[in-house]
Amino acid sequence: MSEHYQILLKEYAVSGPVKPETFEIRKSSTPAHNASELKDNQILAEPIYLSVDPYMRNRFRPSKSYIPSFTVGGPIGSYAVLKVLESRHPNLAVGDFVSGLVDWKSAVILDGDKVTKLQNVHKLSLSYYVGALGMPGMTAYASLHEFAEPLLVPGNTVFVSAAAGAVGQLVGQICKLKGMKVIGSAGSDEKVEFLKTQLGFDGAFNYKNFPTADDILKELLRLAPEGTDLYYENVGGMHLHAALNHLKVGGKIIACGMISGYDGDSYHVPNLSNIVGKQISIHGFLVTPLTPKYKPAFAKDMPAWIAEGKVKVVEEIREGWENAGLAFIEMMSGKNLGKMVVKVGEDPNRK
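Now for a description of the structure that goes with this document. Computed from a prediction, not measured in an experiment: that's the story for all the values here. (Residues numbered from 1 in each chain as written. Predicted model: local features only at pLDDT ≥ 70, side-chain atom pairs only at ≥ 80, totals over all residues. Heavy atoms only, no water.)

Here the focus is the packing of aromatic side chains. Across all of its chains, the model carries eleven aromatic pairs by this definition. Judged by centre distance (6.2 Å) and plane angle (65 degrees), the rings of Tyr55 and Tyr79 are edge-to-face. With Tyr55 in the loop between β3 (42-51) and β4 (77-87) and Tyr79 in strand β4, the pair connects residues that are 24 residues apart, well separated along the chain. Tyr55 gets classed as buried once you look at its relative accessible area, which sits at 16%. Residue classification places Tyr79 among the partly exposed positions, given a relative accessible area of 26%. When the centroid spacing of 5.0 Å and the interplanar angle of 20 degrees are considered together, the rings of Phe159 and Tyr231 count as stacked. Of this pair, Phe159 sits in strand β8 (residues 157-160) while Tyr231 is found in strand β11 (residues 228-233), placing the two residues 72 residues apart along the sequence. An identical accessibility class is assigned to Phe159 and Tyr231; each is buried. (Phe/Tyr/Trp six-rings, centres within 6.5 Å; stacked < 30°, edge-to-face > 60°. Helix = DSSP H or I, 4+ residues; strand = E, 2+ residues; numbered from the N terminus. Buried < 20%, exposed > 50% of the residue type's maximum accessible area, 1.4 Å probe, protein only.)

Let us look at the pattern of salt bridges. If you walk through the whole model with that rule in mind, you get 15 salt bridges. Across the pair Asp229 and Lys248 runs a salt bridge whose closest N-O atoms are separated by 3.3 Å. You can see Asp229 sitting in strand β11 and its partner Lys248 sitting in strand β12 (residues 247-255), a full 19 residues away along the chain. Glu315 serves as the salt-bridge partner of Arg350, at 3.2 Å between the closest nitrogen and oxygen. With Arg350 in the segment after β15 (339-343) and Glu315 in strand β14 (residues 315-319), this pair connects stretches of sequence that are 35 residues apart. Under the relative-accessibility criterion, Arg350 is labelled partly exposed at 32%. (Salt bridge = Lys/Arg side-chain N within 4 Å of Asp/Glu carboxyl O.)

A positive phi angle is found at Ala162, which is not glycine, with a value near 50 degrees. Assignment of secondary structure puts Ala162 in the loop between β8 and α2 (168-177). You can call Ala162 partly exposed: its relative accessible area is 28%.

With that settled, the discussion passes to the environment of Ser185. Following the sequence through the fold, Ser185 ends up in strand β9 (residues 181-186). Judged by relative accessible area, Ser185 falls into the buried class, the value being 1%. Spatially, the C-alpha atom of Ser185 lies 40 Å from that of Val84, the residues being 101 residues apart in sequence. If sequence neighbours within four positions are ignored, Ser185 has contacts with Phe159, Val160, Ser161, Ala162, Ala163, Ala164, Phe205 and His239. (Contact = heavy atoms within 4.5 Å.)

Structure below.
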């Protein structure tokens, strides 16, 4: 008899890291949903891959944000790749693969109009559709083109924080494709070596070896004495402090995230006045409003870049529903190299 799973929020994690006891793993001999419940335009689907991403952290505390908090006793949810088991949607058939934002259950009912049918002409691993071909990939692609297009040229320099993460690794590779000089920070010597030898970064450093903003700035000046034209912000805190001093006059910051403060830690950035004096532009954004504008170009460019070997996809795969919560915890603590993904089903394209 097969087991069916739901992953629920047992308790909020208001401050500090999310812990294993935050999650409740509920097993059952019967699925949470079945085909008899389907209404017109709905599908019954099973997840194949679950995504864990930094934006989810704020959902583990009661707060008002751009995305609602999880409910104690209710399901955790994230982006996922799923296989259609039954369908009452005219454009989705049994056996199709789709992606969307779903609850962590081994069987879910979804509005077929709110999922994306995967075309996958290059027969890439389905896990890529919660990573390089999913939300993180769109985040990197759309934000660079929307806010930094004039800077994406040879001769310019970009600094990417959290450069070995799901978004950072793609930002760096796209900028290299454009001919830019790319500098990255990461949280281990292994990641630094990977950025330089596998992804082609021109320079990288382990920020844990540079305990103050002044130390980070000195390393940036060593790696890029000319200064940076663009800072791609994923970390905040000391990284932002150092970057504001390193940016050139007229430089830009794309603020994707500030993970150093997600668990409640705070850092006073004392040099925000540089934004005025150096005429720095800061662009904070959410990827959802940008997606319709860039979806056609992204769907054309990114799969081709991956298939041609111009962009490398780096993943950490955890297997099984029991490890979904642990995968989120490990991702938030920086234990992943590349995109953290949880495999909970069969992928016919994964070798």
